[in-house]
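Chains, contacts and geometry: an overview
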Amino acid sequence: MAVVNFMFADMFHVVYRTNSDIKCSGDDLDPSNADFCSKYSINSYLRTYTILIGDFNLEHYKDSTTVMFLWFLLTLFGVVIMLNVLIAVVSESYIRSQQSSAVIFRT
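Residues numbered from 1 in each chain as written. Predicted model: local features only at pLDDT ≥ 70, side-chain atom pairs only at ≥ 80, totals over all residues. Heavy atoms only, no water.

Focus: the environment of Leu-76
Along the chain, Leu-76 turns up in helix 4 (residues 65-105). When its relative accessible area of 28% is taken as the criterion, Leu-76 is described as partly exposed. Between the alpha carbons of Leu-76 and Gln-98 there is a distance of 33 Å; along the sequence they are 22 residues apart. (Helix = DSSP H or I, 4+ residues; strand = E, 2+ residues; numbered from the N terminus. Buried < 20%, exposed > 50% of the residue type's maximum accessible area, 1.4 Å probe, protein only.)

With respect to the pattern of salt bridges
As enumerated under the stated definition, the model contains two salt bridges in all. With a shortest N-O distance of 2.9 Å, Asp-35 and Arg-47 are connected by a salt bridge. You can see Asp-35 sitting in helix 2 (residues 31-37) and its partner Arg-47 sitting in helix 3 (residues 41-53), a full 12 residues away along the chain. Comparing Asp-35 with Arg-47 shows no difference in burial state: the two are buried. Arg-96 is the partner of Glu-92 in a salt bridge, and the nearest nitrogen-oxygen pair spans 3.9 Å. Placement of both Glu-92 and Arg-96 in helix 4 is noted, with a separation of four residues, approximately one turn of the helix. (Salt bridge = Lys/Arg side-chain N within 4 Å of Asp/Glu carboxyl O.)

A look at the nonpolar core
Counting five residues, the largest nonpolar core consists of Leu-46, Tyr-49, Leu-58, Met-68 and Trp-71. Counting only elements with at least two residues in this core, the list comes to helix 3 and helix 4. Here Leu-46 is in contact with Leu-58, Met-68 and Trp-71, once residues within four sequence places are set aside. (Core = buried A, V, L, I, M, F, W, Y, C linked by side-chain atoms within 4.5 Å. Contact = heavy atoms within 4.5 Å.)

Brief notes about the packing of aromatic side chains
All chains considered together, the criterion is met by five aromatic pairs. Measuring from ring centre to ring centre gives 4.9 Å for Phe-12 and Phe-36, while their planes differ by 45 degrees; the resulting arrangement is tilted. One end of the pair, Phe-12, is in helix 1 (residues 2-18); the other, Phe-36, is in helix 2, with 24 residues separating them in the sequence. Residue classification places Phe-36 among the buried positions, given a relative accessible area of 5%. Pairing Tyr-49 with Trp-71 gives two aromatic rings, centres 5.7 Å apart and planes at 90 degrees, and the pair type is edge-to-face. Taken together, the residues Tyr-49 in helix 3 and Trp-71 in helix 4 connect sequence positions 22 residues apart. (Phe/Tyr/Trp six-rings, centres within 6.5 Å; stacked < 30°, edge-to-face > 60°.)

Points about the side chain of His-13
Following the sequence through the fold, His-13 ends up in helix 1. In this structure His-13 comes out as buried when scored by relative accessible area, which is 12%. Polar side-chain contacts of His-13 include one of 3.3 Å to the backbone oxygen of Phe-36. Within the structure, the side chain of His-13 is placed 3.0 Å from the side chain of Ser-44, a separation counted as a polar contact. (Polar contact = N/O pair within 3.5 Å; in protein donor to acceptor, adjacent residues only side chain to side chain.)

Below you can see the structure in the form of structure tokens.
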């Protein structure tokens, strides 16, 4: 997930910074574009990460580096835990279906 995040964030950052059709300055700059237009790549990485986990406003978390780091850890561990739950549920369903198919088809 990290590799995909960095890859797409770099692509977005390069496209936004080099494309003349995208407006990266001025008062009417869209806040979601501002992260990709920033001279700091970390803003692109964070915006792409929020897109992957569910797009929401990062402005509340950018006040403190500590808060941003804790938010990142919370969302990362939350995704990992939910994926583990999904794997457990699917594995249990697979085992039950194998057991019932053995009874039905008498193999």
